[in-house]
Amino acid sequence: MDFDAKFRELISEMKLDGRYRTFIELERIAGEFPTALWHRPDGGIQRVTVWCSNDYLGMGQHPRVLAAMHNAIDIFGAGTGGTRNISGTNRQHVALEAELADLHGKEAALIFTSGWISNLAALGSLGRLLPDCVIFSDALNHNSMIEGIRRSGAERLIFRHNDVAHLDELMGSVDPARPKIVAFESVYSMDGDVAPIAAICGIAEKHGAITYLDEVHAVGLYGARGGGIAERDGVAHRVTLIEGTLAKAFGVMGGYVAGSALMIDVIRSLADSFIFTTSLPPHLAAGALAAIQHVKAHPEDRTRQAENAARLKAMLKSGGLPVLDSPTHILPVMVGDAHLCRRISELLLAGRGIYVQPINYPTVARGLERLRITPTPFHTEAHMRDLVDALIAVGRDLGWAAARQAA
Ligand code: PLP
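So, how was this worked out
- Residues numbered from 1 in each chain as written.
- Predicted model: local features only at pLDDT ≥ 70, side-chain atom pairs only at ≥ 80, totals over all residues.
- Heavy atoms only, no water.
- Salt bridge = Lys/Arg side-chain N within 4 Å of Asp/Glu carboxyl O.
- Helix = DSSP H or I, 4+ residues; strand = E, 2+ residues; numbered from the N terminus.
- Buried < 20%, exposed > 50% of the residue type's maximum accessible area, 1.4 Å probe, protein only.
- Axes fitted to C-alpha atoms, helices over the stretch in contact; angles between N-to-C directions.
- Parallel < 35°, antiparallel > 145°, perpendicular 65-115°, else oblique.
- Left-handed = near helix turned anticlockwise from the far one by under 90°.
- Contact = heavy atoms within 4.5 Å.
- Core = buried A, V, L, I, M, F, W, Y, C linked by side-chain atoms within 4.5 Å.
- Near = heavy atom within 4 Å.
- Polar contact = N/O pair within 3.5 Å; in protein donor to acceptor, adjacent residues only side chain to side chain.
- Areas by Shrake-Rupley, 256 points an atom, 1.4 Å probe, with all protein chains shown as cover.
- Nonpolar A, V, L, I, M, F, W, Y, C, P; charged D, E, K, R; others polar.

1. Section: the pattern of salt bridges
Now for step 1: Applying the stated criterion to the full structure yields 26 salt bridges.
Now for step 2: Its salt-bridge partner being Arg178, residue Glu155 comes within 3.0 Å of it at the nearest N-O pair. Of the two residues, Glu155 sits in strand 6 (residues 155–159) while Arg178 sits in the loop between helix 6 (164–172) and strand 7 (180–185), which places them 23 residues apart along the sequence.
Now for step 3: On the basis of relative accessibility, which here comes to 36%, the residue Glu155 falls in the partly exposed class.
Now for step 4: Here Arg232 and Asp233 are joined by a salt bridge, their closest N and O atoms 2.9 Å apart.
Now for step 5: Where salt bridges share partners, they join Glu99, Asp102, Arg225 and Lys296 into one cluster.

2. Notes on the packing of helix 12 (residues 299–318) against helix 14 (residues 381–397)
Now for step 1: Interaxial distance between helix 12 and helix 14 falls to 10 Å at its minimum, and their mutual angle equals 30 degrees. Taken together, the axes of helix 12 and helix 14 lie roughly parallel to each other. The element helix 12 and its partner helix 14 pack so that their crossing is right-handed. For the pair helix 12 and helix 14, the contacting residues are Asn308, Arg311, Leu312, Met315 and Leu316 in the first and Glu381, Met384, Arg385, Leu387, Val388 and Leu391 in the second.

3. Focus on the nonpolar core
Now for step 1: If you look at the biggest cluster of nonpolar residues, it comprises 58 residues, and the most contacted ones within it are Phe136, Val182, Ile197 and Leu246.
Now for step 2: At seven residues, helix 11 (residues 282–297) tops the list of elements feeding residues into this core.
Now for step 3: Leu246 has contacts with Leu96, Leu100, Ile111, Gly251, Val252, Met253, Gly254, Gly255, Tyr256, Leu280, Ala288 and Ile292, leaving out every residue within four places of it along the chain.
Now for step 4: Residues Val50, Leu321, Val356 and Ala403 belong to the second largest nonpolar core, which totals 34 residues.

4. Considering the site of the ligand
Now for step 1: Close contacts around the ligand come from 14 residues, with Gly115, Asp214, His217, Thr245 and Lys248 the closest.
Now for step 2: Measuring from an oxygen atom of the ligand, one finds a backbone N or O atom of Trp116 at 2.9 Å.
Now for step 3: Within the contact set of the ligand, an oxygen atom lies 2.9 Å away from a side-chain nitrogen or oxygen of Lys248.
Now for step 4: Burial of the ligand by the protein chains amounts to 85% of its free accessible area of 390 Å².
Now for step 5: Per-element tally for the shell around the ligand: the top contributor is helix 4 (residues 115–129), with three residues.
Now for step 6: When grouped by side-chain class, the residues that make up the shell around the ligand number two nonpolar, nine polar and three charged.

See the structure below:
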């Protein structure tokens, strides 16, 4: 086979339909979030305002987090040199797991090297270990949950997004004796909409199912202590397993699940993608621990973020731009064309120093391409005004209908 010809064909297909991804090389500047330096392809360096980071609260640069990480490296060194089972369990891991269990009001928690791996490991092993299991999966679940379910080998039934009646109907169609898991997210990362967690738990309870909730885009941001939407809605105790990340609102890296001590013990003991990999470096665990402790005790960061999200949404709307009316901090501005989406993003970056990554297929369905904007507590009113003005100006230059009609 002519491998190179095949690989070239794959890449050129992606380029043709706008799916080819170009990485923007950034140099984050600790203490100046959301400003960063962009290393341009022509060798130049430009200051830009980042509008698409998942470091939702800027914890990735928080002095307390940085100090904890520096300190941990100085004291414990870089890596752990082992899997959790073979010399790789450090005090920071144990402390972090206790902190996470407390955050979610659960008996125990287990950390992984990423949120993606958490979903793969937890769903993959539960679906495999429960004989004849059926997993009911929301239609918009993240790739990591889909891969976990696939890996488990369990039967998968997909319910329409956030459609509780459809979930009930599907669950009712399955033998009541079969073990069931309902897998869903709280804040959906691309539309920024929120699951009706209490209603889904109600249906799951009716059918005797386990609930598995991905709170990756909600932990740190919602609830009195940042325990997520389940905490905010007072339903965390009804969710069997809560999965989260240490990489977004907590600003570091890693993922976790929290639940009953028994279930965590099962995942710890039987999940391949937990067992056969080196554990998280101590400084990452120490940084995440510091971030969670800070976020738990500082609801004012959440308040400022919510206020900024509301302010920017109102500004986008009053500018006539097609922002989805999401109830969260995720503000998708719908473009609906992969090439246009990419061009808007390129011109914003090169001409205006504004970085918003275009979101194209396969991350979202074709025709639903968008700019996904994530305001943080650190974006100022001036940043927002710049963004809205630039979107309208650049959009007009490119003939984007939404911008042409904009105020
Ligand atoms: N779950 C959801 C819903 C996500 O959007 C993501 C990543 O964006 C993940 C899981 C994976 O988390 P991580 O980035 O920690 O691997």
